[in-house]
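# Architecture at a glance
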There are 2 protein chains.
Amino acid sequence: MSEYPASFERLIFELEKLPGIGPRSAIRLAFYILKKPVEFSTSLAQALVEAKSKIHPCRNCFNLSEGALCTICQSSRRDTSLLLVVEDPSDIVAFERTHEYQGLYHVLGGVLSPLEGKGPQDLTLNALVQRLQNNSQWKEVIVATNPTVEGDSTAFYIQQQLKPFPVKVTRIARGLPSGGDVDYADESTLLKSLEGRQTL
Amino acid sequence: MSEYPASFERLIFELEKLPGIGPRSAIRLAFYILKKPVEFSTSLAQALVEAKSKIHPCRNCFNLSEGALCTICQSSRRDTSLLLVVEDPSDIVAFERTHEYQGLYHVLGGVLSPLEGKGPQDLTLNALVQRLQNNSQWKEVIVATNPTVEGDSTAFYIQQQLKPFPVKVTRIARGLPSGGDVDYADESTLLKSLEGRQTL
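None of the values given here were measured: they were computed from a predicted structure. (Residues numbered from 1 in each chain as written. Chains lettered and ligands numbered in written order. Predicted model: local features only at pLDDT ≥ 70, side-chain atom pairs only at ≥ 80, totals over all residues. Heavy atoms only, no water.)

### Let's talk about the environment of Ala 45 of chain B
With respect to the helices, strands and loops of the structure, Ala 45 of chain B is situated in helix α3 (residues 38-54). Its relative accessible area of 6% is what places Ala 45 of chain B among the buried residues. Residues Ala 45 of chain B and Phe 31 of chain B lie 14 residues apart in sequence; the distance between their C-alpha atoms is 16 Å. Apart from residues no more than four positions distant in its own chain, Ala 45 of chain B is found in contact with Ala 45, Leu 48 and Val 49 of chain A. (Helix = DSSP H or I, 4+ residues; strand = E, 2+ residues; numbered from the N terminus. Buried < 20%, exposed > 50% of the residue type's maximum accessible area, 1.4 Å probe, protein only. Contact = heavy atoms within 4.5 Å.)

Here is the structure:
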């Protein structure tokens, strides 16, 4: 005999599949959901199904989009000579929050990672090369993959692939984060902050 | 312009309503759900709707149940002279795990709490009295509300209400938990462990 009614056990089972939700939180969540009016669970259920069915990668840049093109690619206000290459759609949101960058984006869908068996064909690298071939408007490609071993080697790989094109390929700066502390910074960060020093 | 497509924003919004899920976790969960195959979100959506539509309080004891009576009330193996009163259905699961208690249960649906405006009419107290009126099989009612101020006063209230019936009303023991440490126990727990001391 299971401890809870079958449909309750199943809800716990499904909630446990979510990242960061252990068995105890799943039970707590399930009880919470059961106590709420029926609209609570139907709204969540609907949002789950709708998001998954409506959202597709933008045909151009692979950002999240409900139409063929995402809102950034559709906009007429963006600087079409600048291309910022990121790992994931969430990185676009981070850059958009700065309200400074006005160029376009390209979402790789991850980084090259031999350990996880992720090669160039698993990323949107061909599409990136295609974008440079199709248009001559590009002046600069900024590679904003994360400052990790994989992010760095992916950036290097992109730089190699884009050599045939008359475009500047740059990498976002590394150093101490704003509000950071020299005392607490790791050696790699301090080294990068020295290498990238600028005249005052 | 919102940062994400509308249906993605809505999913984040719905996920954020869950207890313990802040804005950052909601975004992380939403991205995780979007990366999974469509079956992932449809299964979770279905489980949400089904659990809420199928599960109702047991007509007898107010435990979670898919039928009119819960599996415990339906069972012919339980000791029908013992009634254990608990706050929530999750407490039943805790007692069932001991594999010792063989009696029946009664779920109050909370405790009396004047501060939260919760009075006797908000609990299943009338139904409890009714259960004692309907049957003379009962020998003992064990009140297992939590050892808190509200739990204690609810237990006292129940004891008052059950005075007219020829039934023993008891309260679960308080003291040091198994594996506990006298050194670290709070004063109230130590006092209770003295008051409830038993001959060796």
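### With respect to the relation of the copies chain B and chain A
Mapping one chain copy onto the other needs a rotation about an axis and a shift along that axis. Aligned on chain A, chain B shows an RMSD of 0.1 Å; the corresponding rotation is 180° and the shift along the axis is 0.0 Å. Accordingly, the operation relating the two chain copies is best matched by a two-fold axis. Using C-alpha coordinates, one finds that chain B approaches the rotation axis most closely at Ala 45 of chain B, a distance of 2.0 Å. Most of the interface of chain B is mirrored in chain A, where 100% of its interface residues again form contacts. (Least-squares fit on C-alpha atoms with pLDDT ≥ 70 in both.)

### Comments concerning the packing of helix α3 (residues 38-54) of chain A against helix α1 (residues 6-16) of chain B
α1 of chain B packs onto α3 of chain A with a crossing angle of 150° between their chain directions and a minimal axis gap of 8 Å. Our classification of the angle between α3 of chain A and α1 of chain B gives roughly antiparallel. Of the two possible hands of crossing, α3 of chain A and α1 of chain B adopt the one that is left-handed. Only Ser 7, Arg 10, Leu 11, Glu 14 and Leu 15 of chain B of α1 of chain B make contact with α3 of chain A, whose side of the interface consists of Phe 40, Ser 43, Leu 44, Gln 46, Ala 47, Leu 48, Glu 50, Ala 51 and Lys 54 of chain A. (Axes fitted to C-alpha atoms, helices over the stretch in contact; angles between N-to-C directions. Parallel < 35°, antiparallel > 145°, perpendicular 65-115°, else oblique. Left-handed = near helix turned anticlockwise from the far one by under 90°.)

### Here's the deal with the nonpolar core
Phe 8 and Leu 15 of chain A together with Phe 8 and Leu 15 of chain B are the most contacted members of the largest nonpolar core, which totals 44 residues. Elements with a minimum of two residues in this core: α1 (6-16), α2 (23-35) and α3 of chain A together with α1, α2 (23-35) and α3 of chain B. Not counting chain neighbours up to four residues away, the residues in contact with Phe 8 of chain B comprise Ile 55, Leu 64 and Glu 66 of chain A together with Ala 30, Phe 31 and Leu 34 of chain B. The next biggest cluster of nonpolar side chains, apart from the first, holds 32 residues, and it includes Ile 92, Ile 142, Ala 144 and Val 167 of chain A. (Core = buried A, V, L, I, M, F, W, Y, C linked by side-chain atoms within 4.5 Å.)

### Focus on the packing of α1 of chain A against α2 of chain A
Residue and element names in this part refer to chain A. Interaxial distance between α1 and α2 falls to 8 Å at its minimum, and their mutual angle equals 125°. Considering their axes alone, α1 and α2 lie oblique with respect to each other. Where α1 crosses over α2, the two elements pack in a sense that is right-handed. Taking contact as the criterion, the partners of Phe 8, Leu 11, Ile 12, Leu 15 and Glu 16 in α1 are, on α2, Pro 23, Ala 26, Ile 27, Leu 29, Ala 30, Phe 31, Ile 33 and Leu 34. Among the residues forming the contact of α1 with α2, the class breakdown is 12 nonpolar, no polar and 1 charged. (Nonpolar A, V, L, I, M, F, W, Y, C, P; charged D, E, K, R; others polar.)

### Thoughts on the interface of chain B and chain A
Accessible area lost upon the coming together of the parts serves often as the stated size of an interface. With 50 residues of chain B in contact, the opposing surface of chain A contributes 50 residues. Counting each side, the surface lost to burial between chain B and chain A is near 4700 Å², with a carbon and sulfur contribution of 71%. One salt bridge in this structure joins Glu 50 of chain A and Arg 10 of chain B, with 3.9 Å as the shortest N-O distance. Put simply, chain B and chain A have 14 residue pairs in polar contact (both at pLDDT 80 or more) between them. Counting only elements with at least two residues in the side of chain B that touches chain A, the list comes to α1, α2, α3, β2 (64-65) and α5 (89-96) of chain B. Top contributing element to the side of chain B that touches chain A by residue count: α3 of chain B, with 15 residues. (Buried area = accessible area lost by both parts, 1.4 Å probe. Salt bridge = Lys/Arg side-chain N within 4 Å of Asp/Glu carboxyl O. Polar contact = N/O pair within 3.5 Å; in protein donor to acceptor, adjacent residues only side chain to side chain.)

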